[in-house]
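Residue-level listing of the chains:
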Amino acid sequence: MTASSLILDGLGCIRGGRVLFKGVDLSLDAGDAAVATGPNGAGKTSLLRLIAGLLTPGAGSVTHQGAIAFAGMEPALDRDVALAKALAYWARIDGGGAGDIARGLDAMALTKLAEVPVRMLSAGQLKRATLARTIAGPAAIWLLDEPGNGLDRDAQARLEAAIAAHRAAGGIVVAATHQPLAMDGAVEIAIGGAA
Ligand SMILES: Nc1ncnc2c1ncn2[C@@H]1O[C@H](COP(=O)(O)OP(=O)(O)OP(=O)(O)O)[C@@H](O)[C@H]1O
């Protein structure tokens with residue numbers, strides 16, 4: 001993996017004319033992780049979207065080295081095709097091959113469901129599929145929005161193992177979550193306020 005880093009400098013977010021947060025500073029290098037916490041509506045997803053470049057900062061800046069993968073709450077997978085085919089679509093865009101898709105499927109215990117249409121997957125299986133796409137991709141910086149939502153105990157352990165392996169390989173992980181997520185030494189970004 002190429003060198004990765006992520007720096008947030010005085011980052012602020014305004015949505016709907018309301019200041020959600022301001023002055024968020026963060027500096028992550030290869031192997032580091034951060035977890036965004038805070039009440040519903042505080043701005044955790046917004047923070048991830050700012051980092052991904054999907055929102056414009058109200059203040060401050062985001063600087064990063066290494067590609068970003070955003071595993072959001074909505075599974076961005078074609079519902080009408082088999083899971084493996086839906087992941088292959090993204091592998092073509094993200095840059096990956098059949099081996100990477102197999103690795104992603106295996107990491108989230110989805111290999112047996114590879115030929116099942118996406119629309120037939122359960123909520124937890126869809127979440128695992130979203131994570132499999134990120135795992136299969138080449139991005140150094142993973143942004144994970146509520147990655148543990150809907151996961152059973154085995155899938156949660158697999159997610160935590162995938163995060164640890166990614167960090168050991170020089171990747172960076174930023175997760176937004178209400179649930180406990182084992183990430184050794186992760187920096188907490190506590191976002192206050194409530195909607
Ligand atoms: N498109 C939008 N326009 C204006 N405001 C928005 C928009 N999308 C979200 N918001 C508001 O921004 C605030 C933060 O939303 P966000 O999804 O970032 O919170 P969150 O901390 O991730 O919440 P949760 O824990 O419920 O997932 C909320 O008050 C929400 O209503």
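Fair warning: this is a prediction, and the values are worked out from it, not measured in the lab.

This next bit is on the sheet that holds strand E4 (residues 59-65). One open sheet holds the three strands; their spatial order is E2-E1-E4, and the pairing between them is antiparallel. Sheet topology places strand E2 (18-29) and E4 at the edges, where each strand pairs with a single neighbour. Across this sheet, the average inter-strand angle for adjacent strands is 20 degrees, counted without regard to direction. With eight bridges connecting them, strand E1 (residues 5-15) and E2 associate as antiparallel partners. Bridging across to E2, Leu 11 finds its partner in Val 24. Contacting E1, E2 and E4, helix H1 (residues 44-52) crosses the sheet at an angle of about 125 degrees to E1.

Any pair of aromatic rings gets described here by the distance separating the centres and the angle formed by the planes. Tallying each qualifying case throughout the model produces one aromatic pair. For the ring pair Tyr 89 and Trp 90, a centre distance of 5.2 Å and an interplane angle of 80 degrees mean the geometry is edge-to-face.

Time to look at helix H2 (residues 83-94). For an α-helix the count is 3.6 residues per turn, leaving residues at separations of three or four pointing the same way. Along its 12 residues, H2 runs 16 Å from first to last C-alpha, staying within 8% of the 16 Å computed at 1.5 Å per residue. Among the residues making up H2, those that are buried are Leu 83, Ala 84, Ala 86, Leu 87, Ala 88, Trp 90 and Ala 91. In this structure, the buried residues of H2 make contact with helix H3 (98-107) and helix H4 (123-136). In the segment just after H2, Gly 95 is the residue with positive phi, at about 100 degrees.

Turning next to the packing of H2 against H4. Where H2 meets H4, the axes come as close as 10 Å, and the angle between the chain directions of the two elements is 30 degrees. The angle between H2 and H4 places the two elements in the roughly parallel class. In terms of crossing hand, the pair formed by H2 and H4 is right-handed. Every residue of H4 that contacts H2 at Leu 83, Leu 87, Trp 90 and Asp 94 is listed here: Ala 129, Ala 132 and Arg 133.

About the cut-offs
Residues numbered from 1 in each chain as written. Predicted model: local features only at pLDDT ≥ 70, side-chain atom pairs only at ≥ 80, totals over all residues. Heavy atoms only, no water. Pairing = 2+ DSSP bridges. Helix = DSSP H or I, 4+ residues; strand = E, 2+ residues; numbered from the N terminus. Axes fitted to C-alpha atoms, helices over the stretch in contact; angles between N-to-C directions. Contact = heavy atoms within 4.5 Å. Phe/Tyr/Trp six-rings, centres within 6.5 Å; stacked < 30°, edge-to-face > 60°. Expected span 1.5 Å × (residues − 1). Buried < 20%, exposed > 50% of the residue type's maximum accessible area, 1.4 Å probe, protein only. Parallel < 35°, antiparallel > 145°, perpendicular 65-115°, else oblique. Left-handed = near helix turned anticlockwise from the far one by under 90°.

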